[in-house]
Amino acid sequence: MMRWNNTSYQKIKDAKFINESIVVSFENGDVIEVPKGSLIPFGDKNNIEWSKLHFNPFEIIVPATPYPLEIQWDKLRVITDREFAKYLAEKSDEQAKLIGVKVKRLRERKNISSKELAERAGVAAQTISRIEQGHTDVSFATLRKILAAMGYTLKDLANQEAELEMENTQKSFNVLLKKLSYAGIDSNFLTKKIIPARLQVALNAQKQNEPTLLLDEVASYVSTIYGWSPNEIWTEKNLVVKSEPAEMAFFKKPTNSNENQVKAYSHYAFYLAKVVLKAFHQKNISEYPSSIEEFKKEYFKNFEGIDLSTLLEFVWNLGICVLPLNDSGVFHGASWNIEGRHVIVLKQNTHSHARWIFDLLHELYHVFAHLDDPNTSVVEVEEMNPFSNNESIEELEANSFANQVIFGSRAEELAEQCVAAAKWDIKNLSKSVVQVARKEKVREDFLSNYLAFRLSYQGENWWSSALKMQVTEPNPFEIASDLLKRKVQIQDLSPMDYSLLTTAIKN
Amino acid sequence: MKVFGNTKFKVYIYKNDHLPPHCHVRFADGSEVRVMIPLVEPMDGSTISKEVSEAIVNKLNSLTRIWDKFHPQRPKNNLSIKEKK
């Protein structure tokens, strides 16, 4: 039980005004001193007669004009107890998110788009989106207006849980899908990646009368990854994905309304990262290089050029696991330090080796430079490229490291050479990239990729040419997953972890 | 400020209180539960009787109006500048 739920933590035993502060004793023996300045509400209190304060177990009342000043116990506690204040802040965030989910659910039930709802309610579309995303800065007056525009009241919002619980008393696969969808886990992903095929076959075969044991087995996969108890999954409130894997360190909130999906996918990737670590027992791990020069020295001592297979081999030999994933969506990769061991998750939807190598080098730098402390992470919520995420120092450094490994410090110089050799005409650029790449001993796919991104930032679309120059065979996802299978002892995993990991790395 | 109540319990809302929005429910036996509004959920994981919960649900309009009035510093909607543009 949290200490603030204890009556003796709440009840005021004595209160006095001493030296411009209120000194309060609580029943549990705590004595706190609160300066009067932090208790005066904005604006409307004159003539506060602090010395004439009186109290009851739950509040202190100070005579004032025009109304007495009432100071409740939790107000005093929140000022002086940091943990209590933190707990309340988290609770506030949680409630706002829950309100958002419920408003969205009501809107979807009425089949109204957020744009239409905004028009009906006479509010900005962003207001609907802010409420649904769980922002706390929307007044109840606005919330009431929005609900009224859908034919609902605050009472409907409050009673919705009971309705959902009624629906949920019937265990079914559809109920599970619905609940998971609100938590940011879509049905396609669930059936493709989490639930084993044999359970899906069984579910399909018994659609009319899904056996409880079968549903429980399906739910056990979900609860293993997301840490929800079976009770939470079937009967209780909305499922909320815990934030830890996504928020341990440099996590940047996605800019659009997909925070739930990022959290849900990060959680899945984090679980798999832990599974990979469980099955990775490599000894003789080399130390991480301490500079880019040392990195290059070590790498080129063993390998001739930068290619995906050798780079992956080098990274694994450092004791860093690399897990490739190939789902679509808002998560673009991550690195974790889990109890002092590192895992990189790569998620690319293209077959371009240059893109995979760039992402791997980018994440590798995060591991070298930003993830020294156990239980820290970087989650990429934007696509990585040589110029992306320039507002974050960590991302800039990681981009710079990748570019330096690939091009030395000559990326811009090479780009200019290409443009000059093309006589500043984009039509000649493909040819000039080939020439410059040969002359400077740089891979064409790296250089064309760099140029295409570079040009796209100035409004030129040179992607179709750059794509033709990409190395795409063998499939990079398969290269990474085959190496993972060779490096870890998958057969040692529990049947559930085995199923989750092998499904995740199956092309 | 007491908003409503009966012989068994009384419901209060305070000015300048902390988030999340909530009311204080004080019972005749001297105990208290803080209930978050508008979802009517006890703040500290305790439970409330159906009678209390229904009473709060029925008074949600007035409770939220008072909360808005007592917490004017809570931004109403900070997006208007962008919309005007």
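## Side note on the overall build of chain A
For chain A, the count of helices and strands is 24 helices and 10 strands. Taking all 507 residues of chain A together, the buried fraction comes to 36%.

## As for the overall build of chain B
Of the regular secondary structure elements, chain B holds 3 helices and 5 strands. In chain B, which comprises 85 residues, the proportion classed as buried is 38%. A fraction of 26% describes how many contacts in chain B between residues 6 or more apart in sequence connect residues 24 or more apart.

## Things to note about the interface of chain A and chain B
Counting from both sides, the interface comprises 36 residues of chain A and, opposite them, 34 residues of chain B. Here the side of chain A that touches chain B takes 6 residues from helix α3 (residues 82–109) of chain A, the largest share from any one element. By residue class, the composition of the side of chain A that touches chain B is 17 nonpolar, 12 polar and 7 charged.

## Here's the deal with the pairing of strand β9 (residues 341–347) of chain A
All names here are of chain A. Along β9, 6 of the 7 residues are buried, which leaves the element largely enclosed by surrounding structure. Across 5 bridges, the pairing between strand β7 (residues 321–325) and β9 is parallel. Across the sheet, the residue bridging to Cys 321 is Val 343, located in β9. With 6 bridges joining them, strand β8 (residues 333–338) and β9 adopt antiparallel strand pairing.

## A closer look at the pairing of strand β1 (residues 2–5) of chain B
All names here are of chain B. As paired elements, β1 and strand β2 (residues 9–12) share 3 bridges and run antiparallel to each other. In the sheet register, Gly 5 faces β2, and the bridge partner there is Lys 10. In textbook terms, the turn of a hairpin is the stretch between consecutive antiparallel strands, and for β1 and β2 this stretch comprises 3 residues.

## Considerations on the sheet that holds strand β5 (residues 59–62) of chain A
Residue and element names in this part refer to chain A. With antiparallel pairing, the 3 strands of this open sheet are ordered in space as β4-β5-β6. Two strands lie at the open edges of the sheet, namely β4 (54–56) and β6 (69–72), each paired on one side alone. Across the sheet, the mean angle from the axis of one strand to that of its neighbour is 20 degrees, orientation sign disregarded. Pairing geometry for β4 and β5, over 3 bridges, is antiparallel.

## A word on the nonpolar core
Grouped burial of nonpolar side chains is what soluble globular proteins tend to show. In terms of nonpolar packing, the biggest core is built from 90 residues, with Ala 269, Leu 272, Ala 273, Val 322, Leu 323, Leu 360 and Leu 447 of chain A touching the most fellow members. Each residue touching Leu 447 of chain A, except ones within four places of it in the same chain, is listed here: Leu 414, Cys 418, Val 433, Val 436, Ala 437 and Val 442 of chain A. The next biggest cluster of nonpolar side chains, apart from the first, holds 36 residues, and it includes Val 101 and Leu 117 of chain A together with Val 35 and Met 43 of chain B.

## Re the sheet that holds strand β2 (residues 21–26) of chain A
Residues and elements named next belong to chain A. Here 3 strands make up an open sheet; going across it, the order is β1-β2-β3 and the pairing antiparallel. Only two strands of the sheet have a single partner each, and these edge strands are β1 (12–18) and β3 (31–35). The sheet shows a mean angle of 20 degrees between the axes of neighbouring strands, direction not considered. Where β1 meets β2, 6 bridges bridge the pair, whose relative direction is antiparallel. Pairing of Ile 18 across the sheet is with Ser 21, part of β2. In this fold helix α2 (residues 73–80) packs onto β1, β2 and β3, with an angle of close to 85 degrees to the strand it touches most, β3.

## Side note on unusual backbone geometry
Here Glu 473 of chain A and Pro 474 of chain A are connected by a cis peptide whose omega angle stands at -10 degrees. Considering the arrangement of structural elements, one finds Pro 474 of chain A in the loop between α22 (463–468) and α23 (476–487). Between Ile 37 of chain B and the following residue, Pro 38 of chain B, the backbone shows a cis peptide bond with an omega angle of 10 degrees. With respect to the element layout, Pro 38 of chain B can be found in the loop between β4 (32–36) and β5 (41–42). Located in the positive-phi region is Asn 19 of chain A, a residue other than glycine, with phi close to 50 degrees. By the secondary structure assignment, Asn 19 of chain A is in the loop between β1 and β2. A count of 8 C-beta atoms within 10 Å places Asn 19 of chain A in the exposed class. With a phi angle near 65 degrees, Glu 20 of chain A is a residue other than glycine that sits in the positive phi range. In this fold, Glu 20 of chain A is placed in the loop between β1 and β2.

## Things to note about the confidence of the model for chain A
Confidence in the prediction of chain A, expressed as mean pLDDT, is 85, and 91% of residues score 70 or more. Mean pLDDT values over the elements of chain A span from 55, in helix α13 (residues 244–247) of chain A, up to 96, in α23 of chain A.

## A closer look at the environment of Tyr 9 of chain A
Residue and element names in this part refer to chain A. Structurally, Tyr 9 is set in helix α1 (residues 7–10). Sequence-wise, Tyr 9 and Ser 25 are 16 residues apart; in three dimensions their C-alpha atoms are separated by 9.9 Å. Excluding anything up to four places from it in sequence, Tyr 9 contacts Arg 3, Trp 4, Phe 26 and Asn 28.

## Things to note about the packing of helix α17 (residues 353–370) of chain A against helix α18 (residues 393–407) of chain A
Helices that pack against each other are described as a pair by the angle of their axes relative to one another and the distance between those axes. Residue and element names in this part refer to chain A. Following both chains from N to C, one finds α17 and α18 inclined at 125 degrees, their axes separated by 8 Å at the closest point. Here α17 is positioned oblique relative to α18, judged by the angle of their axes. Handedness of the α17/α18 crossing: right-handed. The residues of α18 that touch α17, namely those facing Phe 358, Leu 361, His 362, Tyr 365, His 366, Ala 369 and His 370, are Glu 394, Glu 397, Ala 398, Asn 399, Phe 401, Ala 402 and Val 405. Class assignment of the residues belonging to the contact of α17 with α18 gives a composition of 8 nonpolar, 4 polar and 2 charged.

## Considering the environment of Leu 203 of chain A
All names here are of chain A. Here Leu 203 lies in helix α10 (residues 197–205). Taking C-alpha positions, Leu 203 is 7.5 Å from Leu 214, a pair spaced 11 residues apart along the chain. Dropping the residues within four chain positions of it, Leu 203 is found in contact with Phe 173, Glu 210 and Leu 214.

What counts as what
Residues numbered from 1 in each chain as written. Chains lettered and ligands numbered in written order. Predicted model: local features only at pLDDT ≥ 70, side-chain atom pairs only at ≥ 80, totals over all residues. Helix = DSSP H or I, 4+ residues; strand = E, 2+ residues; numbered from the N terminus. Buried ≥ 20, exposed ≤ 12 C-beta atoms within 10 Å, placed from the backbone. Contact = placed C-beta atoms within 7 Å. Nonpolar A, V, L, I, M, F, W, Y, C, P; charged D, E, K, R; others polar. Pairing = 2+ DSSP bridges. Axes fitted to C-alpha atoms, helices over the stretch in contact; angles between N-to-C directions. Core = buried A, V, L, I, M, F, W, Y, C linked by C-beta atoms within 7 Å. pLDDT = per-residue confidence, 0-100. Parallel < 35°, antiparallel > 145°, perpendicular 65-115°, else oblique. Left-handed = near helix turned anticlockwise from the far one by under 90°.

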